[in-house]
There are 6 protein chains.
Amino acid sequence: MSSYLEIVKRSYPRFSGVHTFFRLQQEKPEHIKSNALLCGIPFDGGTTYRSGARMAPSRVREISALGRGYHPQWNQDVFESLQPADVGDIPINPISIEKTYELIEKHIFNLAKGKKKILSVGGDHSITLPILRALSKIYGPLNLIHFDAHFDTYPPAYGVEYHHGTFVRHAVLEKCVNQVFQFGIRGPFVVKEDIDFGKQHQIQVFTVDDIKSKGIKILSELPELIKGPSYLSFDVDCLDPAYAPGTGTPVIGGLSSYESQQILRHLKIENLIGGDVVEVNPSYDHGDITSLAAVSTLFEILNLMV
Amino acid sequence: MSSYLEIVKRSYPRFSGVHTFFRLQQEKPEHIKSNALLCGIPFDGGTTYRSGARMAPSRVREISALGRGYHPQWNQDVFESLQPADVGDIPINPISIEKTYELIEKHIFNLAKGKKKILSVGGDHSITLPILRALSKIYGPLNLIHFDAHFDTYPPAYGVEYHHGTFVRHAVLEKCVNQVFQFGIRGPFVVKEDIDFGKQHQIQVFTVDDIKSKGIKILSELPELIKGPSYLSFDVDCLDPAYAPGTGTPVIGGLSSYESQQILRHLKIENLIGGDVVEVNPSYDHGDITSLAAVSTLFEILNLMV
Amino acid sequence: MSSYLEIVKRSYPRFSGVHTFFRLQQEKPEHIKSNALLCGIPFDGGTTYRSGARMAPSRVREISALGRGYHPQWNQDVFESLQPADVGDIPINPISIEKTYELIEKHIFNLAKGKKKILSVGGDHSITLPILRALSKIYGPLNLIHFDAHFDTYPPAYGVEYHHGTFVRHAVLEKCVNQVFQFGIRGPFVVKEDIDFGKQHQIQVFTVDDIKSKGIKILSELPELIKGPSYLSFDVDCLDPAYAPGTGTPVIGGLSSYESQQILRHLKIENLIGGDVVEVNPSYDHGDITSLAAVSTLFEILNLMV
Amino acid sequence: MSSYLEIVKRSYPRFSGVHTFFRLQQEKPEHIKSNALLCGIPFDGGTTYRSGARMAPSRVREISALGRGYHPQWNQDVFESLQPADVGDIPINPISIEKTYELIEKHIFNLAKGKKKILSVGGDHSITLPILRALSKIYGPLNLIHFDAHFDTYPPAYGVEYHHGTFVRHAVLEKCVNQVFQFGIRGPFVVKEDIDFGKQHQIQVFTVDDIKSKGIKILSELPELIKGPSYLSFDVDCLDPAYAPGTGTPVIGGLSSYESQQILRHLKIENLIGGDVVEVNPSYDHGDITSLAAVSTLFEILNLMV
Amino acid sequence: MSSYLEIVKRSYPRFSGVHTFFRLQQEKPEHIKSNALLCGIPFDGGTTYRSGARMAPSRVREISALGRGYHPQWNQDVFESLQPADVGDIPINPISIEKTYELIEKHIFNLAKGKKKILSVGGDHSITLPILRALSKIYGPLNLIHFDAHFDTYPPAYGVEYHHGTFVRHAVLEKCVNQVFQFGIRGPFVVKEDIDFGKQHQIQVFTVDDIKSKGIKILSELPELIKGPSYLSFDVDCLDPAYAPGTGTPVIGGLSSYESQQILRHLKIENLIGGDVVEVNPSYDHGDITSLAAVSTLFEILNLMV
Amino acid sequence: MSSYLEIVKRSYPRFSGVHTFFRLQQEKPEHIKSNALLCGIPFDGGTTYRSGARMAPSRVREISALGRGYHPQWNQDVFESLQPADVGDIPINPISIEKTYELIEKHIFNLAKGKKKILSVGGDHSITLPILRALSKIYGPLNLIHFDAHFDTYPPAYGVEYHHGTFVRHAVLEKCVNQVFQFGIRGPFVVKEDIDFGKQHQIQVFTVDDIKSKGIKILSELPELIKGPSYLSFDVDCLDPAYAPGTGTPVIGGLSSYESQQILRHLKIENLIGGDVVEVNPSYDHGDITSLAAVSTLFEILNLMV
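Residues numbered from 1 in each chain as written. Chains lettered and ligands numbered in written order. Predicted model: local features only at pLDDT ≥ 70, side-chain atom pairs only at ≥ 80, totals over all residues. Heavy atoms only, no water.

**Q** Honestly, the overall build of chain A in this entry has me stumped. Any pointers?
**A** Helix and strand counts for chain A stand at 10 helices and 10 strands. Overall, the C-alpha framework of chain A stretches about 55 × 45 × 40 Å when taken along its three principal axes. Counting all 306 residues of chain A, 72% fall into the buried class. Across chain A, every contact between residues at least 6 apart in sequence was considered, and the portion connecting residues at least 24 apart equals 76%. For chain A, the accessible area works out to roughly 9000 Å², and carbon and sulfur atoms hold 50% of it. (Helix = DSSP H or I, 4+ residues; strand = E, 2+ residues; numbered from the N terminus. Buried < 20%, exposed > 50% of the residue type's maximum accessible area, 1.4 Å probe, protein only. Contact = heavy atoms within 4.5 Å. Areas by Shrake-Rupley, 256 points an atom, 1.4 Å probe, with all protein chains shown as cover.)

**Q** Any chance you could explain the interface of chain E and chain B here in plain terms?
**A** Buried accessible area, meaning the area lost when the parts come together, often serves as the stated size of an interface. Taken together, the contacts link 32 residues of chain E with 29 residues of chain B. Together chain E and chain B conceal approximately 2500 Å² of surface at their shared face, both sides included; 62% is due to carbon and sulfur atoms. On the chain E side of the interface with chain B, the three residues burying the most area are Arg68, Tyr70 and Tyr258 of chain E, jointly 29% of the side's total. Counting every contact that joins chain E to chain B gives 0 salt bridges. Looking at the side of chain E that touches chain B, the elements that each hand over two or more residues are helix 1 (3-11), helix 2 (56-63), helix 9 (257-266) and helix 10 (289-305) of chain E. The residue inventory of the side of chain E that touches chain B, partitioned by class, reads 15 nonpolar, 9 polar and 8 charged. (Buried area = accessible area lost by both parts, 1.4 Å probe. Salt bridge = Lys/Arg side-chain N within 4 Å of Asp/Glu carboxyl O. Nonpolar A, V, L, I, M, F, W, Y, C, P; charged D, E, K, R; others polar.)

**Q** I would appreciate a short explanation of the sheet that holds strand 8 (residues 204-207) of chain E in the present structure.
**A** Remark on secondary structure: sheet strands pair via backbone hydrogen bonds, oriented parallel or antiparallel. Residues and elements named next belong to chain E. Taken together, the 8 strands give an open sheet; going across it, the order is 4-1-5-10-9-6-7-8, and neighbouring strands pair in parallel fashion. A strand with exactly one partner marks an edge of an open sheet, and here the two such strands are strand 4 (85-89) and strand 8. Strand-to-strand twist in this sheet, taken as the mean axis angle between neighbours without regard to direction, amounts to 20°. In this sheet, strand 7 (residues 177-185) lies alongside strand 6 (residues 142-147) in parallel orientation, the contact comprising 5 bridges. Each bridged residue has a counterpart across the sheet, and for phenylalanine 147 the counterpart in strand 7 is phenylalanine 183. (Pairing = 2+ DSSP bridges. Axes fitted to C-alpha atoms, helices over the stretch in contact; angles between N-to-C directions.)

**Q** Explanation requested: the arrangement of the chains in the structure shown.
**A** Between chain A and chain D there is no contact, and the shortest C-alpha to C-alpha distance separating them is 14 Å. Between chain C and chain E there is no contact, and the shortest C-alpha to C-alpha distance separating them is 14 Å.

**Q** How should the packing of aromatic side chains be read in this particular structure?
**A** Each aromatic ring pair is specified by the distance between its two centres and by the angle formed by the two planes. Under the defined criterion, the tally for this structure stands at 48 aromatic pairs over all chains. Considering the side-chain rings of phenylalanine 151 of chain F and phenylalanine 189 of chain F, the 5.0 Å spacing of their centres and the 25° angle between planes classify their relative orientation as stacked. With phenylalanine 151 of chain F in the loop between strand 6 (142-147) and helix 6 (167-173) and phenylalanine 189 of chain F in the loop between strand 7 (177-185) and helix 7 (196-200), this residue pair connects regions lying 38 residues apart in the sequence. Neither residue differs from the other here; phenylalanine 151 of chain F and phenylalanine 189 of chain F are each classed as buried. One aromatic cluster is present, built from ring pairs that chain together Phe147, Phe183, Phe206 and Phe234 of chain A. (Phe/Tyr/Trp six-rings, centres within 6.5 Å; stacked < 30°, edge-to-face > 60°.)

**Q** I'm lost on the sheet that holds strand 5 (residues 117-122) of chain F in this one. Help?
**A** Residue and element names in this part refer to chain F. One open sheet holds the 8 strands; their spatial order is 4-1-5-10-9-6-7-8, and the pairing between them is parallel. Edge strands, defined here as strands with exactly one partner in the open sheet, are strand 4 (85-89) and strand 8 (204-207). Geometrically, the sheet is characterised by an average inter-axis angle of 20° between neighbouring strands, direction not taken into account. Bridge count for strand 5 against strand 10 (residues 269-278) is 4 bridges, and the pairing is parallel. Residue isoleucine 118 lies in a different strand from strand 10, and its bridge partner there is glycine 274.

**Q** Help me out: how do you make sense of the relation of the copies chain E and chain A in this one?
**A** For these two chain copies, the linking operation is a rotation about an axis paired with a shift along it. Take chain E, turn it by 120°, move it 0.0 Å along the axis, and it overlays chain A with an RMSD of 0.0 Å. Here the transformation between the copies is reduced to the relation of a three-fold axis. The position closest to the rotation axis in chain E is occupied by the C-alpha of alanine 242 of chain E, lying 3.1 Å away. Residue by residue, only 10% of the interface of chain E is reproduced at the interface of chain A, so the copies engage with different surfaces. (Least-squares fit on C-alpha atoms with pLDDT ≥ 70 in both.)

**Q** Help me understand the interface of chain E and chain A in this model?
**A** Contacts between chain E and chain A engage 29 residues on the former and 32 residues on the latter. Each partner contributes to the roughly 2500 Å² buried at the junction of chain E and chain A, and carbon and sulfur atoms together form 62% of this total. Together, Tyr49, Pro188 and Ile252 of chain E form the three largest contributors to the area buried by chain E at its contact with chain A, with a combined 29%. Connecting chain E to chain A are 0 salt bridges. Looking at side-chain class alone, the side of chain E that touches chain A contains 17 nonpolar, 6 polar and 6 charged residues.

**Q** Would you explain unusual backbone geometry in this entry?
**A** Cis rather than trans, the peptide bond between glycine 122 of chain D and glycine 123 of chain D has omega equal to 10°. You can see glycine 123 of chain D is positioned in the loop between strand 5 (117-122) and helix 5 (128-139). Unlike most non-glycine residues, lysine 175 of chain B shows phi in positive territory, near 60°. In this structure, lysine 175 of chain B sits in the loop between helix 6 (167-173) and strand 7 (177-185).

**Q** Looking at this structure, I do not really get the packing of helix 9 (residues 257-266) of chain B against helix 10 (residues 289-305) of chain B. What am I missing?
**A** A pair of packed helices can be characterised by two numbers: the angle between their axes and the separation between those axes. Residue and element names in this part refer to chain B. Where helix 9 contacts helix 10, the axes come no closer than 9 Å and their chain directions differ by 10°. Compared by their axis directions, helix 9 and helix 10 come out roughly parallel. On helix 10, the residues that touch Gln261, Leu264 and Arg265 of helix 9 are Thr297, Glu300 and Leu304. Here the contact of helix 9 with helix 10 is composed, by residue class, of 2 nonpolar, 2 polar and 2 charged. (Parallel < 35°, antiparallel > 145°, perpendicular 65-115°, else oblique.)

**Q** What exactly am I supposed to notice about helix 4 (residues 97-112) of chain D here?
**A** The periodicity of an α-helix, 3.6 residues per turn, causes residues three or four places apart in sequence to face the same way. All names here are of chain D. The terminal C-alpha atoms of helix 4, which comprises 16 residues, lie 22 Å apart, in line with the 22 Å expected from a rise of 1.5 Å per residue. Looking at the packing, one finds that the buried side of helix 4 touches strand 1 (36-41), strand 4 (85-89), strand 5 and helix 5. N-capping of helix 4 is provided by serine 96, with a side-chain oxygen placed 3.4 Å from the backbone N of glutamate 98. (Expected span 1.5 Å × (residues − 1). Polar contact = N/O pair within 3.5 Å; in protein donor to acceptor, adjacent residues only side chain to side chain.)

**Q** Looking at this model, I keep getting lost on the environment of serine 220 of chain F. Mind explaining?
**A** Residue and element names in this part refer to chain F. Secondary-structure assignment places serine 220 in the loop between helix 8 (208-214) and strand 9 (226-235). Taking relative accessible area as the criterion, serine 220 reaches 64% and is therefore assigned exposed. Sequence separation between serine 220 and leucine 267 is 47 residues, and the spatial gap between their C-alpha atoms is 9.8 Å. From its side chain, serine 220 meets the backbone oxygen of lysine 217 in a polar contact 2.8 Å long.

**Q** Explain the state of the cysteines to me, please; I cannot follow it from the model alone.
**A** Cysteine pairs can be covalently joined through their sulfur atoms, and such a bond is termed a disulfide. Considering all chains together, one arrives at 0 disulfides over all chains under this definition. Between cysteine 176 of chain B, a free cysteine, and cysteine 39 of chain B, which holds the nearest cysteine sulfur, the sulfur-to-sulfur gap is 17 Å. (Disulfide = S-S within 2.5 Å.)

**Q** What am I meant to see in a negative patch on the surface here?
**A** Among the surface-exposed residues, Glu98 and Glu102 of chain A together with Glu98 and Glu102 of chain C lie close enough to one another that they form a single negatively charged patch. Going through the elements one at a time, helix 4 (97-112) of chain A together with helix 4 (97-112) of chain C are the ones with two or more residues in the negative patch. With respect to the element layout, glutamate 102 of chain C can be found in helix 4. Using a relative accessible area of 58% as the deciding quantity, one classes glutamate 102 of chain C as exposed. (Patch = residues over 30% accessible without salt bridge, like charges linked within 9 Å, V, L, I, M, F, W, Y side chains within 5 Å. Lys, Arg positive; Asp, Glu negative; His and termini not counted. Charge placed at Lys NZ, Arg CZ, Asp CG, Glu CD.)

**Q** I tried to follow helix 2 (residues 56-63) of chain F on my own but got confused; where do I start?
**A** Extensive coverage of helix 2 of chain F is indicated by the burial of 8 of its 8 residues. If you check which residues of helix 2 of chain F are buried, you get Ala56, Pro57, Ser58, Arg59, Val60, Arg61, Glu62 and Ile63 of chain F.

**Q** Can you walk me through the side chain of aspartate 148 of chain F in this structure?
**A** Residues and elements named next belong to chain F. Examined against the element boundaries, aspartate 148 turns out to sit in the loop between strand 6 and helix 6. Among buried Asp, Glu, Lys and Arg side chains, aspartate 148 stands out as unpaired, with arginine 186 the closest opposite charge at 7.2 Å. Apart from residues no more than four positions distant in its own chain, aspartate 148 is found in contact with His125, Phe183, Gly184, Ile185, Asp235, Asp237 and Cys238.

**Q** Looking at this structure, how should I read the pattern of salt bridges?
**A** Scanning the entire structure with this criterion turns up 60 salt bridges over all chains. Note that arginine 61 of chain A is salt-bridged to aspartate 89 of chain A, the shortest N-O span being 3.0 Å. Placement of arginine 61 of chain A in helix 2 (residues 56-63) and of aspartate 89 of chain A in strand 4 (residues 85-89) is noted, with a sequence separation of 28 residues between them. Ionic pairing is found between glutamate 174 of chain F and arginine 133 of chain F, a salt bridge with its closest N-O pair at 2.7 Å. Highlighted residues: glutamate 174 of chain F in the loop between helix 6 and strand 7 and arginine 133 of chain F in helix 5 (residues 128-139), separated in sequence by 41 residues. On the basis of relative accessible area, glutamate 174 of chain F is assigned to the partly exposed category, the value being 34%. Assessed through its relative accessible area of 15%, arginine 133 of chain F is described here as buried. One network of salt bridges, in which partners are shared, links Arg61, Asp86 and Asp89 of chain A.

Structure follows, in structure tokens:
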């Protein structure tokens, strides 16, 4: 174990201190040494129902003190092997989605351009598009593994091109992503046509019905190994509201946290270069269970990055 | 899509406006055109433990703005095909169950007598008896599909004939209902004799044990098609408190929201003429997840009415 | 009493029914008869700290059912004398403040152009600027009576011209308003220069210190009658967080609800043509006490409009 | 100090044990030795807005463990001087107000007939009428000291004679009470006529305006000593919602808890034979501050009983 | 039915009265007649993350009023057959774990020495060690059936020997327990070495993975009958946070309440002489669902004691 | 403005980033440059009623982002003039008050020995004693300005010398403090003798009655200037529960936040060398108003340190 972590773990209770993600060393963007970077992106200006996801990075940092390091399935301590760091929050503009998109794209590009792995905590799901733009400039088109209750391929709303339900459509059309895999999708839908975009673009959709009826065996329908640079985006509303009440647009009939863990623990991804956990809304959470689900998911993603 | 819905969906965010159920057109009881009517019945004077279900219609209306119309399994938009309307709340008397029973029976009779379908949001489960009285005057004895943790065939309590745990007993004895099917029942019970009424009256009981062990296949024990006029009453406490904390008399070890959806989506009912969702208690809810479960159940019932 | 209100008051409990402001008749924007119009403006995209004020019109409508009509000081029932109506929510764009400003200005102008009085429920405080723009096109420059913990004369933040702390600055510079009176202001401030704008533009500031030390007598420093068309904007954060916890940027050491009532009940305003209550954030409220303070303030403003 | 209390205070933390009011000895109704009896009356079937006051006796018992015994103003330890006991809850019928009224009247009469002092925790305010009926059978007409935001002289609602806003009217007309003093009343009112009953029956009303403007001096308008048997009924909604959010029909602009203490500490009552604290609704409370205000008020009333 | 229970069940609503566990007769430690004793142990001074479990006995007593007596699987009413009593709370010292350990060991020994069965409600999990010390003095080494997310075999923390994660290690090393069975364990772990203690001491571990993949069949890996004196300790964090949010150190990916019930209902234990339910933390609970899970678990344990 | 603060204030919204107190520069204990140091002391093992104050430093750090720097009364920006830093949390032992006392005394001594000013955030009030021990070793006996509802001169409880209500007694007897001034004290008390210690030791007590009746003029009873090294300890329960619900042992009838501000703004202290804000308990708070009151008090104390 790194001596820094050793000291922290022994001397201070988990509830103590200035909270970074998983009590990791904090690195200023201008002096980054680590190759795996966690950051917050506290923007909720793309939300169409309950706002408040801007508070998620703070709360997830606090709750992540409960995070433990040794993963029995992968037989590794990811904090030792990856030595990740918390680089703080990406600057965003709480009023303007356009300015925020520019800021995210620029800063993520700068952080990741040395092929450092990036793991972000939203914010609403609109933050993923500028991340994908930045990363695809570095890596070319990415595989996208996408957990969500919703397709996020929706058309503009109220005459606005970007909102928290459009990033997959834009990412596909802009060729930031290549093959898309979706987990946790469930109806009802606004209109029947919501299903069409995915079909047209060969998105491989694993609905809740698929996952509940077949279990983990469903992953045999995936390629044996997802090759090339890949990105994993986890919207906590893929979980049932019993497991993730603190989110902006909850949908009942979702995954349990165990089911999401099982999928994450059985994915075979050659090169996971980035990821995010989004749509945690602390003001609708209770007992911080949604933040805790986010923390555990961040931990699983870090393990997939090794 | 109907032009009304089109306008609503495009111009206003879901959190906006005067809230009717599912953002439907409101109709005054004296000028009703629709054939499928949603109403609130905000009475909680029959509650024996936590009161507060009177606030459910308000909260369910607000949260129902999250409702979406296209059901992929039934391949229909129920708001287009049924064109349902919100007729407001049935007048009730918050102090007197007797006066409330008269009011409910009279008003439901008047709303439904032209064979309009009626879907109500309680209130506690005591509201279902006067609804069944009104509807059986129109249709004769009904089939009753009943989701609940409890039998609701209990004897009077504290010397009072009517409370929220007696409607099935009265409805059977008064011959408002004919065949009864119960889903989600689970022990412990107050006394062993609680089980007897159901046995005596050929109530077909599907306990949580039955449902958890056999899954959706259990529905093969039902008639292939439930024929004749039927009514569906959904007490949210059939769900586990993890999925429906906001209710008056919660019982652990219940159904998940997905399991309840699965049953609702596989029922074969010839003529569902009415239904209700009861026992939502917003003051014990969090993140409005119980109200959201109620909204989704209302949507499934509407789909069964087509 | 008007027969409409009579029926409503007698037949339905306060918690019952589709909720309009104060259980008033709802009027569609295209068929407006009333001369005093209440509307919601559920926009929170100008918020710089806790978002969520978009949910305020819904919650305020629900709680306003507790509103009663007879004001003993003014000896009038404002619902009888003004016959106000609820015209629903102004369409807004939850993603874009620019588009929202256009929508608010256009719709408020259309509602108010026949010199109908307009009372709005925000949303964050950024909504007041386009209202003032619309109303000053109709009436010319207005007097502004402004309750707030903050000056709202702040400079752009993060390079964005408009946010929830800038409306007074813009309204003054654009000459939408003429004389400004502020109540409830208190420090600390971000920088000393925050005080300068008000001084330069002869804004009459009544700080919490002024009000606490002199009480209602302080109103003698106002003109005997505030003449000409006037507008009253009430940010609930003028109240202490004990009285209004559910708000975006609370500041301790504020007014009690009684103190705010006293000021509102002793203002002498010749022609109050519009008003708003803003910055209610239900997701940080408890027991709905902030919404209830908003309801009572709306009632006081209606009384000042007679 | 009594040896019982001594042991309790020293050995067990305040949060520990089976909770009786103020950790007092529990007495079964059939074996009562104490002359000052505390009881719960958990009935909320008279509530016209937010139900839930039935849970108050439980929560108030729990929080009353924080109660301390020595009152510096009266220079006494009321638990030593009065030796009060907790006699449990009066049996009530949660469904029927009529049956509940019979039960309360009968049981209170039996408890009090030996001129034992009775202090009750509601429940909603409808419980006070049968208490007054019982006590006036023993003592004849009583003085009533009444803290409330509302007159509670209202007419029947929805055609029902009894609800939580009518007890003063009935008590006056039935001559259970003689002189009535009201503290904390504030508008607005439903109709102007609400004021008339009090005027006709010489009720002495101290509004919030009176109390805020004159302070404790206002008590000089009372008789120097309130003579004869007296009863004190304290509705927690006399307090501002900031101090008592957990109540059924809150009204802003109310008393602070300090102001209510000041009045209670300066009343001169010759013979206070009973009292109650009502309308605590724990499901709308937070941090149990309303229950704590109730506990402190119970303590002040006990001190007035010595 | 015993006449005591009969009276209680008929005359008083469940929310009424001074709350003992399951509304049972209260017995003072000095006059104990029952052979099955429930007690509270409100100590949370061993907690390493969220404190507050000291409030659990109070809340569990309140919610246990919802408990019902007839268990359909065992075909018995445990309150009739066992006639258990509530003996109040064990005196603890909220400041000192050492003094508390002495107090618990002494009092549990005194209560149990006549081979009375003891069922305790924590408090955090540190309370179990002194209970096991006391009981093993009476019975010799016990079998331990242990439900938990954590091994509780951890080393001292911050240089302190005892905390809420060490009781199994001490109990094994002190030979208070013999064979240990653990249910609900799940990673991640702090360090890989956390797994070693269990392996060295032949602890039979059933992880969540085991239980989720094999279901109730997993119990065939247990001895056909667990012989000799046994103790069952149930940490509510074995449940997923969706089912038990109110706990000190929650871990996602846990058991559902139904899964825990299934295990409890299929255990074959010859002589269950004691048990506990620990780590309920009411200040992080909502809708009291964690307390309700605790109540139901207490009921299952009582049934296993018959 | 310092360039560090300038950047922070302009580029990042207040809800963004790794949270230090007031968004100040973080300094590691081994490299301290600043002369005014803020630290957390998250210990709640001395609490006798509601535990949970250990979470206060985290939450206060988060909410302190709302803090603004320019104080109009003192006409200074304390962050510029004092240039304070956040030195993280003092290591504590959550299980043992004795070990924690050693840790606090040692670390505070090391931080303060160069006569750096120290401002701590508790934790419960037991943390103040070891701070005073450390500081009096450096400075000799201190003046103590103490805000509290309680005297904190209580005897040992349950046979334990130290708990959160004893620090003043120990500090006086150990001669860590010299002259003590108490603000906000109010009854009832446990026993009459609680008052004696203060009288014996010439503690100058300003009760709530004193403050409410005389207002700020009461400060004329203080020395014109409090000379010599002084320490200010602020227990948030000096505030009324309406203003500070999130605390361990609330007492109604307390100060308003404005009244506490007024006292703090009018104190004349020659040399304030340290202070603390204690007994914030976030798990009983709502809308974070208690944390916000703590933040504002920290700010006032910083201003008194200049």
